[in-house]
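Residues per chain, in single letters:
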Amino acid sequence: MTALITRDELKAAIAAGNVTVVDALGGEYFAQQHLPGALALRPTEVDAKAPAVLPDRDTAIVTYCSNPACPNSGQVADRLTALGYPNVRKYREGIEDWVAAGLPTESV
């Protein structure tokens, strides 16, 4: 099971610039709003795209999707771990929690 990260821990990591944030929703959801600096990577794209978008396997990675009921972030995190990324955590509460806390998002 993937380790979790809290909103405050993630906010601090983003501010420090020492984490790669992965939006597991992708598509229109990503285009409408995503966490600052996030990359889009859906579960079905991990095998094909991870080596290109996440070339440093040792980087700190946090996956998220919409809320705790959404399985995408766990699926992406599990697959990244299986592909040899050792430092993957999941923001279980997702973008709904981030937005509810009044934190900034980006759009395409």
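Each remark here, short or long, concerns the structure printed above.
Conventions adopted
Residues numbered from 1 in each chain as written. Predicted model: local features only at pLDDT ≥ 70, side-chain atom pairs only at ≥ 80, totals over all residues. Heavy atoms only, no water. Helix = DSSP H or I, 4+ residues; strand = E, 2+ residues; numbered from the N terminus. Contact = heavy atoms within 4.5 Å. Salt bridge = Lys/Arg side-chain N within 4 Å of Asp/Glu carboxyl O. Buried < 20%, exposed > 50% of the residue type's maximum accessible area, 1.4 Å probe, protein only. Pairing = 2+ DSSP bridges. Right-handed = clockwise from strand over helix to strand, strands pointing away. Polar contact = N/O pair within 3.5 Å; in protein donor to acceptor, adjacent residues only side chain to side chain.

Locating Val-108 in the fold gives a position in the segment after helix 5 (94-100). Along the sequence, Val-108 and Ala-52 sit 56 residues apart, while their C-alpha atoms lie 20 Å from each other. In this structure Val-108 touches Phe-30, Ala-31 and His-34, once residues within four positions along its chain are discounted.

The full count for this structure, using the stated rule, is five salt bridges. Here Glu-45 and Arg-42 are joined by a salt bridge, their closest N and O atoms 3.6 Å apart. Note that Glu-93 and Arg-92 form a salt bridge whose closest N and O atoms lie 3.6 Å from each other. One connected set of salt bridges, linked through shared partners, spans Arg-42, Glu-45 and Lys-49.

Another aspect to go through is the pairing of strand 2 (residues 20-23). With burial as the criterion, each face of strand 2 is covered, one bearing Thr-20 and Val-22 and the other bearing Val-21 and Asp-23. Bridge count between strand 2 and strand 3 (residues 39-40): two bridges; the pairing is parallel. Across the sheet, Asp-23 pairs through a bridge with Ala-40, a residue of strand 3. The parallel pair strand 2 and strand 3 is bridged by helix 2 (residues 27-32), and the resulting crossover is right-handed.

Let us now look at the sheet that holds strand 4 (residues 61-64). Backbone-to-backbone hydrogen bonds pair the strands of a sheet. The strands run either parallel or antiparallel. Sheet architecture is open: five strands sit in the order 1-5-4-2-3, paired in parallel fashion. Strands at the two margins of the open sheet, each flanked by one partner only, are strand 1 (3-4) and strand 3. Where strand 1 lies against strand 5 (residues 88-90), two bridges are found, and the strand directions are parallel. Within strand 5, the residue paired with Ala-3 across the bridge is Arg-89.

In this section: helix 4 (residues 72-82). Each α-helix winds once per 3.6 residues, and so residues spaced three or four apart point in a common direction. Residues Asn-72, Ser-73, Gly-74, Val-76, Ala-77 and Leu-80 constitute the buried set of helix 4. On the buried face of helix 4, the contacting elements are strand 2, helix 3 (46-53), strand 4 and strand 5. Gly-84 sits one or two residues past helix 4 and shows a positive phi near 100°.

The residue His-34 is located in the loop between helix 2 and strand 3 in this model. We classify His-34 as buried; its relative accessible area is 4%. In terms of polar contacts, His-34 uses its side chain to reach the backbone carbonyl oxygen of Phe-30, at 2.7 Å. If sequence neighbours within four positions are ignored, His-34 has contacts with Asp-23, Tyr-64, Ile-95, Thr-105, Glu-106, Ser-107 and Val-108.

Geometry only, nothing functional implied.
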